[in-house]
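# Examining the three-dimensional arrangement
Each chain, written out:
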Amino acid sequence: MQGRLIREKLHRGECVFGTHIASLMNPVAAAMAAEIELDFAFFCTEHMPIDRTEVGLMCQFYAARGISPIVRVPSPDPIAISMALDGGAQGIVVPYVETVEEVRRSAGAVHFRPIKGELLREIQSGKTELPLKTREFLHDFNRDNYLIIGIESMAAIGRLEQLIDAAEIDGVFLGPHDISATMGIPTEYGNPEFLQVIEDVVRRCRRRSIGVGLHTPLLKMKPQDLQRLIDAGMNWILNGSDIGTMRDAMNAQLRQLRELTAAGRASSAEPAARVQGCIN
């Protein structure tokens, strides 16, 4: 699914599904991961120690297979955004946004690339109108780009509409870890207060036809709580991570194997025990 379709679905309220690609950075593993039925692949350069070359290779790889690459940049920095887009990102997640200026700078880097500096500021302020040829070029050049802003604090939630309306954005990313911490209930994802805040934000985003979602901690949030948020309109579904899913699946299989081998040893030991008992 290319970026333009992701963007359209976000605004229409249709669900798109992806996961955090955190470990599968070699070509063989990536080829296997590309067989997962993903709409988008999420790469984080804020918290993960991966370099620009790795991110660019993975963006190009997944995009060529019809999976839209999304990169979370380290901060609301137009230069970092431009670097990610130049490397092949289609979606940009900008973390921890709290000001209108951060939104405008981010939107300028995503939707007006490669225009920067004074001209970009004049365009965004309405002082300058671009020639038709330039507008057509920008529309084509950035046709698969989309912007998701990180709302990760109670301060940002308090001015949500102001941030959404500041510039052209396509989605909102809710950081459950950071939001719960700023609420004074860190990682309490089942807390009724936390769920009420998240549900309220989801509804407020959808009233403005903005996509919205959070990194779904499936093992830490009850299915009925996730269903509640989906019913409210949550449609950007970032499901866990590749390494987390692999860890959980491998642990489950190893536990099953240990149970089977323990049962096998017990079964094979029983006849010997019975014979020994007879001899005694």
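Residues numbered from 1 in each chain as written. Predicted model: local features only at pLDDT ≥ 70, side-chain atom pairs only at ≥ 80, totals over all residues. Heavy atoms only, no water.

## Quick word on the packing of aromatic side chains
Throughout the structure, instances matching the rule amount to seven aromatic pairs. Arranged with centres 6.3 Å apart and planes meeting at 65°, the rings of Phe42 and Trp236 form a pair that is edge-to-face. Of this pair, Phe42 sits in strand E2 (residues 40-44) while Trp236 sits in strand E8 (residues 236-241), and the two are 194 residues apart along the sequence. For the pair Phe42 and Trp236, one class covers both residues: buried. Seen from their ring centres, Phe61 and Tyr62 are 5.7 Å apart, and the 70° between their planes marks the pair as edge-to-face. The same class applies to Phe61 and to Tyr62, which are both buried. In textbook terms, an aromatic cluster arises when at least three aromatic residues are bridged by ring pairs, as seen for Phe40, Phe42, Phe173 and Trp236. (Phe/Tyr/Trp six-rings, centres within 6.5 Å; stacked < 30°, edge-to-face > 60°. Helix = DSSP H or I, 4+ residues; strand = E, 2+ residues; numbered from the N terminus. Buried < 20%, exposed > 50% of the residue type's maximum accessible area, 1.4 Å probe, protein only.)

## Re unusual backbone geometry
Cis rather than trans, the peptide bond between Arg113 and Pro114 has omega equal to 10°. Looking at the element boundaries, Pro114 is found in the loop between helix H5 (100-111) and helix H6 (117-125). Unlike most non-glycine residues, Thr187 shows phi in positive territory, near 65°. Relative to the elements of secondary structure, Thr187 occurs in the loop between helix H10 (176-182) and helix H11 (192-207). Judged by relative accessible area, Thr187 falls into the partly exposed class, the value being 43%. With a phi close to 60°, Ser209 is a non-glycine residue in the positive phi region. Take Ser209: it is sitting in the loop between H11 and strand E7 (211-216). Under the relative-accessibility criterion, Ser209 is labelled partly exposed at 35%.

## Some remarks on the pattern of salt bridges
Across all of its chains, the model carries 15 salt bridges by this definition. Linking Arg247 and Asp248 is a salt bridge whose minimum nitrogen-to-oxygen distance equals 3.0 Å. Overall, Arg247 belongs to the partly exposed group, its relative accessible area being 49%. (Salt bridge = Lys/Arg side-chain N within 4 Å of Asp/Glu carboxyl O.)

## So, the pairing of strand E6 (residues 171-174)
What you see with E6 is no split at all: Gly171 and Phe173 on one side and Val172 and Leu174 on the other are buried throughout. The pairing of strand E5 (residues 146-151) with E6 spans four bridges and is classified as parallel. The partner of Ile151 across the bridge, within E6, is Leu174. (Pairing = 2+ DSSP bridges.)

## Some remarks on the packing of helix H4 (residues 78-87) against H5
The contact between H4 and H5 brings their axes to 9 Å, and the two run at 25°. In terms of orientation, H4 lies roughly parallel with respect to H5. The interaxial crossing formed by H4 with H5 has right-handed handedness. For the pair H4 and H5, the contacting residues are Pro78, Ile81, Ser82 and Leu85 in the first and Arg105, Ser106, Ala109 and Val110 in the second. Considering only residue class, the contact of H4 with H5 consists of five nonpolar, two polar and one charged. (Axes fitted to C-alpha atoms, helices over the stretch in contact; angles between N-to-C directions. Parallel < 35°, antiparallel > 145°, perpendicular 65-115°, else oblique. Left-handed = near helix turned anticlockwise from the far one by under 90°. Contact = heavy atoms within 4.5 Å. Nonpolar A, V, L, I, M, F, W, Y, C, P; charged D, E, K, R; others polar.)

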